Amino acid sequence: QVQLVESGGGLVQAGGSLRLSCAASGPTVSSYGMGWFRQAPGKEREFVAAIRWSADSTYYADSVKGRFTISRDNAKNTVYLQMNSLKPEDTAVYYCAAKTLVYSSYYLKTSYNYWGQGTQVTVSS
């Protein structure tokens, strides 16, 4: 069984930075694709960023490209999301997710088998 625990959320002013962490536990978790999604009140959960198990490929939503960076440390079974130049529209609950199927899309939430409980990010204007 895979468990994902996010941390690092909080309140930040527009233009500020936050770094989210996702600690993963379970067998072979270092071989899974990992993603970050977010959900704002009244909106659908949306893709933010993802990374292959080997970290040789990363994927970003257009809305965060150039501002957010996803990375992973397989020795620590941890995935990070560095968020810079934050905007009020980045306010949401951020979820970490893991997918086991190699050829499924990184962009679709239906591709992911395991989810964390989420961490709140609030950006004030």
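Each remark here, short or long, concerns the structure printed above.
These remarks concern the structure in this document. For every chain, the first residue of the written sequence is number 1, and numbering continues from 1 onward in sequence order. Confidence filtering applies because this is a predicted model: local features only for residues at pLDDT of at least 70, side-chain atom pairs given and counted only at 80 or more, and all residues used for totals across whole chains, interfaces and linings. Based on all heavy atoms of the structure, the side-chain values leave hydrogens and waters out of the count.

Topic: the packing of aromatic side chains
As a reminder of what qualifies: Working definition: a ring pair exists when centres of Phe, Tyr or Trp rings (six-membered ring for Trp) sit within 6.5 Å. Plane angles under 30 degrees give stacked, over 60 give edge-to-face, the rest tilted. Helix and strand definitions follow DSSP, with helices as H or I runs of at least four residues and strands as E runs of at least two, each counted in order from the N terminus.
Tallied over the entire structure, the rule returns 7 aromatic pairs. Ring centres of Tyr59 and Tyr107 lie 5.8 Å apart, and the angle between their planes is 75°; on these two criteria the pair is classed as edge-to-face. One end of the pair, Tyr59, is in strand S6 (residues 58–60); the other, Tyr107, is in the loop between strand S9 (92–99) and strand S10 (114–115), and 48 residues separate them in sequence. Clustering of aromatic rings is evident, with ring pairs tying together Phe37, Phe47, Tyr59, Tyr106, Tyr107, Tyr112 and Trp115.

A few points about the pattern of salt bridges
Between side chains of opposite charge, pairing is possible as soon as their charged atoms come close. We count it as follows: Think of a salt bridge as a Lys or Arg side-chain nitrogen and an Asp or Glu carboxyl oxygen that are within 4 Å of each other. With a 1.4 Å probe rolled over the protein chains alone, any residue whose accessible area is under 20% of its type maximum counts as buried; one over 50% counts as exposed, and the rest are partly exposed.
Applying the stated criterion across every chain yields a total of 6 salt bridges. Across the salt bridge formed by Asp90 and Arg38, the nearest N and O atoms sit 2.9 Å from each other. Within this pair, whereas Asp90 is found in the loop between strand S8 (78–83) and S9, its partner Arg38 is found in strand S4 (residues 33–39), the two being separated by 52 residues in sequence. Taken individually, Asp90 and Arg38 each receive the classification buried, so the pair is uniform in this respect.

So, empty space enclosed by the protein
As a reminder of what qualifies: Residues are called lining when one of their atoms sits within 4 Å of a cavity or pocket point, these points coming from a 1 Å grid over the protein atoms alone, where a cavity is a set in which a 1.4 Å probe fits but cannot get out and a pocket is an open set with protein on both sides within 12 Å along at least five of seven lines. Grid points are joined across faces, edges and corners, and a volume is the space filled by probe spheres set on the points. Three classes are used: nonpolar for Ala, Val, Leu, Ile, Met, Phe, Trp, Tyr, Cys and Pro, charged for Asp, Glu, Lys and Arg, and polar for all others, with Gly counted as polar.
If you walk through the whole model with that rule in mind, you get 1 cavity of 30 Å³ or more. Along the walls of the largest cavity sit Ala24, Val29, Ser30, Met34, Arg72, Asn74, Asn77, Thr78 and Val79, which together make up its complete lining. When its residues are assigned to classes, the lining of the largest cavity shows 4 nonpolar, 4 polar and 1 charged.

With respect to unusual backbone geometry
Residue Ala55 is not a glycine yet carries a positive backbone phi of 65°. Inspection of the secondary structure puts Ala55 in the loop between strand S5 (46–51) and S6. Overall, Ala55 belongs to the partly exposed group, its relative accessible area being 37%. Unusually for a residue other than glycine, Asn77 sits at a positive phi of about 50°. For Asn77, the position within the fold is in the loop between strand S7 (68–73) and S8. Given the relative accessible area of 25%, Asn77 is considered partly exposed.

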